[in-house]
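If you want the building blocks of each chain, they are given just below.
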Amino acid sequence: MKELSVVVYTMKNCPFCHEFKDILTKEGIEFYDRDIDEYKEEYDLFSEITENDMIPALLIVEGTDDDHKSFLYAPERNYNELTEAVDIINKHRKNVGII
């Protein structure tokens, strides 16, 4: 089984971000919460690569430090509904053998 890391870029006063984190918690999906104000440089790079600054956004890493692939997903670019973002995460969870 490969490892999987899910990073969720959020903002403190974003109702969609709070809802998304609640959904992930209820689904039993482990994730790292990255507030875009606290991790500004990291999020600025994410936004530049995806050409999208909408949140909540996802960085998914499959594999280990030595052998991994990173995937970037942003609202209105890769998904429109929070449930679609959960589906994306679950696709990766299935790919690495978590579900």
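See the structure printed just above.
Predicted model, so just to flag it, every value in this text is computed and none were measured. Throughout, residues of each chain are indexed from 1 in the direction in which the sequence is written. With pLDDT at 70 or above as the cut-off, local features in this predicted model cover only qualifying residues; side-chain atom pairs require 80 or more to be listed or tallied, and sums for whole chains, interfaces and linings still use all residues. The side-chain values count all of the structure's non-hydrogen atoms but skip hydrogen atoms and water molecules.

Turning next to the overall build of the chain. When helices and strands are tallied, the chain shows three helices and four strands. In DSSP terms, a helix is any run of H or I states spanning at least four residues, a strand is any run of E spanning at least two, and both are numbered starting from the N terminus. For the chain, the sequential pattern of α-helices and β-strands runs β-α-β-α-β-β-α. By the compact-globule yardstick of 13 Å for 99 residues, the chain fits well, its C-alpha radius of gyration being 13 Å. Referenced to the eigenvectors of the C-alpha coordinate spread, the extents of the chain come out at roughly 35 × 30 × 20 Å. When each of the 99 residues of the chain is scored for burial, the buried share is 41%. The contact criterion used is simple: two residues touch if any of their non-hydrogen atoms lie within 4.5 Å. Across the chain, contacts joining residues at least 24 apart in sequence account for 60% of those joining residues at least 6 apart. Accessible surface, the chain as shown: approximately 6400 Å² in total, 47% of it carbon and sulfur. On the chain, the mean spot of the 11 positive side-chain charges and the mean spot of the 23 negative ones are 5 Å from each other. Just to be clear, the radius of gyration here is over C-alpha atoms, and the globule rule we use is 2.2 Å times residues to the power 0.38. For every residue, the accessible area obtained with a 1.4 Å probe (protein chains only) is divided by the maximum for its type, and the residue is called buried under 20%, exposed over 50%, and partly exposed between those limits. Only the protein chains shown count as cover for residues, and the accessible areas themselves come from Shrake-Rupley with a 1.4 Å probe. We treat Lys and Arg as the positive residues and Asp and Glu as the negative residues; His and chain ends play no part in the count. Charge positions are represented by NZ for Lys, CZ for Arg, CG for Asp and CD for Glu.

Let's shift gears to the nonpolar core. Core analysis: the largest hydrophobic core is formed by 16 residues, its most contacted members being Phe20, Leu24, Leu58, Ile60 and Ile89. Mapped onto this core, the elements with two or more residues apiece are β1 (4-10), α1 (15-27), β3 (57-63) and α3 (82-95). Not counting residues up to four positions away in its chain, the partners in contact with Leu24 are Val8, Ile29, Phe31, Val86 and Ile89. In plain words, nonpolar cores are sets of buried Ala, Val, Leu, Ile, Met, Phe, Trp, Tyr and Cys residues tied together by side-chain atoms within 4.5 Å. Ranked by size, the runner-up nonpolar core spans 12 residues in total, among them Val7, Tyr43, Ala57 and Ala74.

Now for the packing of α1 against α3. Contact geometry for α1 and α3: axes closest at 10 Å, N-to-C directions at 40 degrees. The orientation of α1 relative to α3 falls into the category oblique. Taken as a pair, α1 and α3 cross one another with a handedness that is right-handed. For the pair α1 and α3, the contacting residues are Phe16, Glu19, Phe20, Ile23, Leu24 and Glu27 in the first and Leu82, Ala85, Val86, Ile89, Asn90 and Arg93 in the second. In this analysis, axes come from line fits to C-alpha atoms, helices being fitted only over the stretch in contact, and the angle between any two N-to-C directions falls in the range 0 to 180 degrees. We call two directions roughly parallel when the angle between them is under 35 degrees, roughly antiparallel when it is over 145, roughly perpendicular when it lies between 65 and 115, and oblique otherwise. In a left-handed crossing the near helix is turned counterclockwise from the far helix by less than a right angle, and in a right-handed crossing that turn is clockwise.

We now examine the sheet that holds β1. Strands sit in the order β2-β1-β3-β4 across an open sheet of four strands; the sheet is mixed. A single partner strand is all that each edge strand has here, and the edge strands are β2 (32-35) and β4 (68-73). Recorded for the sheet is a direction-independent mean angle of 20 degrees between the axes of neighbouring strands. Strand pairing is assigned whenever DSSP identifies at least 2 bridges connecting the two strands. As paired strands, β1 and β2 are joined by four bridges and run parallel to one another. Each residue of the ladder has a partner; that of Val7, found in β2, is Tyr32. Contacts from α1 reach β1, β2 and β3, with the element oriented near 155 degrees to β1.

Attention now goes to the environment of Glu51. Mapped onto the elements, Glu51 comes out in the loop between α2 (40-50) and β3. The class for Glu51 is exposed, based on a relative accessible area of 74%. C-alpha separation for the pair Glu51 and Lys94, spaced 43 residues apart in sequence, amounts to 28 Å.

Here we come to a negative patch on the surface. Only residues above 30% relative accessible area that lack a salt bridge enter a patch, with like-charged residues linked at up to 9 Å and the nonpolar side chains Val, Leu, Ile, Met, Phe, Trp and Tyr linked at up to 5 Å. Every case where a carboxyl oxygen of Asp or Glu lies within 4 Å of a side-chain nitrogen of Lys or Arg is listed as a salt bridge. Residues Glu3, Asp65, Asp66 and Asp67 make up a contiguous surface patch of negative charge. Tracing the backbone through its elements, the reader meets Asp67 in the loop between β3 and β4.

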